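Structural description and commentary
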Amino acid sequence: MPVVEVVWRHLLAGAREGRRRWPSVTALAGELELAVSTTHRSLAHPVEIGAVEVGPIDGLQVLDPARLLMLLAAHRRVQRDVVRRLWVAVPAVEVEAAATSRKAVLGGFGAVIAHLGANRIADYTRVLFYGDPKLCSLPVATAGEGTEVWVAEPDAWLGRYGRVTPVAQAYADLFSMPGWQAARFIEQLDPQVVAASDEPVLLV
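Keep in mind that this is a model prediction, so the values were computed, not measured.

Scanning the protein chain for helices and strands turns up nine helices and seven strands. For 204 residues, the compact-globule estimate of 2.2 N^0.38 gives 17 Å, and the C-alpha radius of gyration of the protein chain, at 17 Å, lies within 12% of that figure. The 204 residues of the protein chain split such that 51% are buried. At a minimum sequence separation of 6, the contacts of the protein chain that also span at least 24 residues come to 70%. Accessible surface, the protein chain: about 9700 Å² in total, of which carbon and sulfur atoms supply 53%. Charged side chains in the protein chain number 20 positive and 22 negative. The centres of these two groups are separated by 3 Å.

Let's shift gears to unusual backbone geometry. If you check the backbone angles, Glu-33 has positive phi at about 55 degrees while not being a glycine. As for its placement among the helices and strands, Glu-33 is situated in the loop between helix 2 (25-32) and helix 3 (36-48).

With that settled, the discussion passes to the sheet that holds strand 2 (residues 52-55). Ordered by their spatial adjacency, three strands build an open sheet running 1-3-2, and the pairing between neighbours is antiparallel. Every other strand in the sheet has two partners, leaving strand 1 (21-22) and strand 2 as the edge strands with one partner each. Alignment of strand 2 against strand 3 (residues 59-62), held across four bridges, turns out to be antiparallel. Following the sheet pairing, Val-54 is matched in strand 3 by Leu-60.

Turning next to the pairing of strand 7 (residues 147-152). Burial analysis of strand 7 places six of its six residues in the buried class, which makes it a mostly covered element. Neither face of strand 7 is exposed, since Thr-147, Val-149 and Val-151 on one face and Glu-148, Trp-150 and Ala-152 on the opposite face are all buried. With six bridges joining them, strand 4 (residues 82-88) and strand 7 adopt antiparallel strand pairing. Looking at strand 7, one finds that Val-82 is bridged to Ala-152. Judged from the five bridges that link them, strand 6 (residues 126-130) and strand 7 form a sheet pairing that is parallel. If you follow Arg-126 over to strand 7, its bridge partner there is Glu-148.

This part takes up empty space enclosed by the protein. Enumeration over the complete set of coordinates arrives at one cavity of 30 Å³ or more. The calculated volume of the largest cavity comes to roughly 30 Å³. Forming the walls of the largest cavity are Glu-96, Gly-107, Gly-108, Phe-109, Gly-110, Tyr-124, Arg-126, Val-127, Leu-128 and Met-177. Of all the secondary-structure elements, those providing two or more residues to the lining of the largest cavity are helix 6 (108-116) and strand 6. Here the lining of the largest cavity is built from residues that sort into five nonpolar, three polar and two charged.

Each aromatic ring pair is summarised here by two numbers: the centre-to-centre distance and the angle between the ring planes. With the rule as written, the count across this model stands at three aromatic pairs. Consider the rings of Phe-109 and Tyr-124, whose centres lie 4.7 Å apart with planes at 15 degrees: the pair is stacked. Within this pair, whereas Phe-109 is found in helix 6, its partner Tyr-124 is found in the loop between helix 6 and strand 6, the two being separated by 15 residues in sequence. In terms of burial, Phe-109 and Tyr-124 fall into one category: buried. For the pair Phe-109 and Phe-185, a centre-to-centre distance of 4.9 Å together with 80 degrees between the ring planes defines the contact as edge-to-face. Placement of the pair is Phe-109 in helix 6 and Phe-185 in helix 8 (residues 180-188), with a sequence separation of 76 residues. A single burial state applies to Phe-109 and to Phe-185, both of which are buried. A cation over a ring is seen here: Arg-85 above Trp-150, with NZ or CZ 4.5 Å from the ring centre.

Here is what the cut-offs are and how they apply
- Counting of residues starts from 1 at the beginning of each chain's written sequence and follows it residue by residue.
- Side-chain atom pairs in this predicted model are given and counted only at pLDDT of 80 or more, local residue features only at pLDDT of at least 70, and totals for whole chains, interfaces and linings cover all residues.
- Only heavy atoms go into the side-chain values, all of them from the structure, while hydrogens and water stay out.
- Helix and strand labels come from DSSP, where a helix needs a run of H or I of at least four residues and a strand needs a run of E of at least two; each type is numbered from the N terminus.
- Two things to know: the radius of gyration comes from C-alpha atoms, and the globule rule equals 2.2 Å times the number of residues to the power 0.38.
- Only protein chains enter the calculation, and the probe is 1.4 Å; a residue is then buried if its accessible area is under 20% of its type maximum, exposed if over 50%, and partly exposed in between.
- The contact criterion used throughout is that any non-hydrogen atoms of two residues lie within 4.5 Å.
- Computed by Shrake-Rupley with a 1.4 Å probe, the accessible areas treat only the displayed protein chains as cover when residues are assessed.
- Only four residue types enter the tally: Lys and Arg on the positive side, Asp and Glu on the negative side; His and the chain ends are excluded.
- Taken as the charge centre is NZ of Lys, CZ of Arg, CG of Asp or CD of Glu, depending on the residue.
- Strands qualify as paired when DSSP identifies two bridges or more between them.
- Think of a 1 Å grid over the protein atoms and nothing else: a 1.4 Å probe that fits but is trapped marks a cavity, an open set flanked by protein within 12 Å on at least five of seven lines marks a pocket, and residues with an atom within 4 Å of a point count as lining.
- Grid points are joined across faces, edges and corners, and a volume is the space filled by probe spheres set on the points.
- Classification used: nonpolar for Ala, Val, Leu, Ile, Met, Phe, Trp, Tyr, Cys and Pro, charged for Asp, Glu, Lys and Arg, polar for all others including Gly.
- Within 6.5 Å between ring centres, the rings of Phe, Tyr and Trp (the latter by its six-membered ring) count as paired, and their orientation is classed by plane angle as stacked under 30 degrees, edge-to-face over 60, tilted in between.
- Both a distance and an angle decide whether a charge sits over a ring: NZ of Lys or CZ of Arg must be within 6 Å of the ring centre and within 35 degrees of the ring normal.

Remember, this is a structural readout, not a statement about activity or role.
See below:
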């Protein structure tokens, strides 16, 4: 994940937990262990569209998390991070349950469902992991059959968010995936709620 997306994800993860302010760009850079200049450059586009404001008195504020989420979704290219693809002959939920590596982080459909608590949108046949999930015990399938597993390279900051990606990243990853299932998930998720609330993220 490019550094600019790392910064946006961190702001969105904060907004999702009710935190929209940082004392300064320097404070944000310190949390992420990034150079202040790099963090400033990452904020240029969000500031330009009014999603983020930076000032000498109020510090850094996330004014419009939903617009920042749309910016992340439009910028995200998840397939650039994918280092391996394989097919296994079991349903997606079994693939997710079979992952044995504690370092692997679940993304995509599975991450959204983890945040929702249940799948009320659509079945899916693609599973995204950041890091090797270690699925050696699962039967291999012919390409195009069963469940497709994408193994992506995790960024250095991802592990701080737990065993699943933040819901904003899951949304952005699905936005950049092909297929009707990904489109269905995006259609059913409310960007405003995905970005800035712990309430259910389905549209009503």
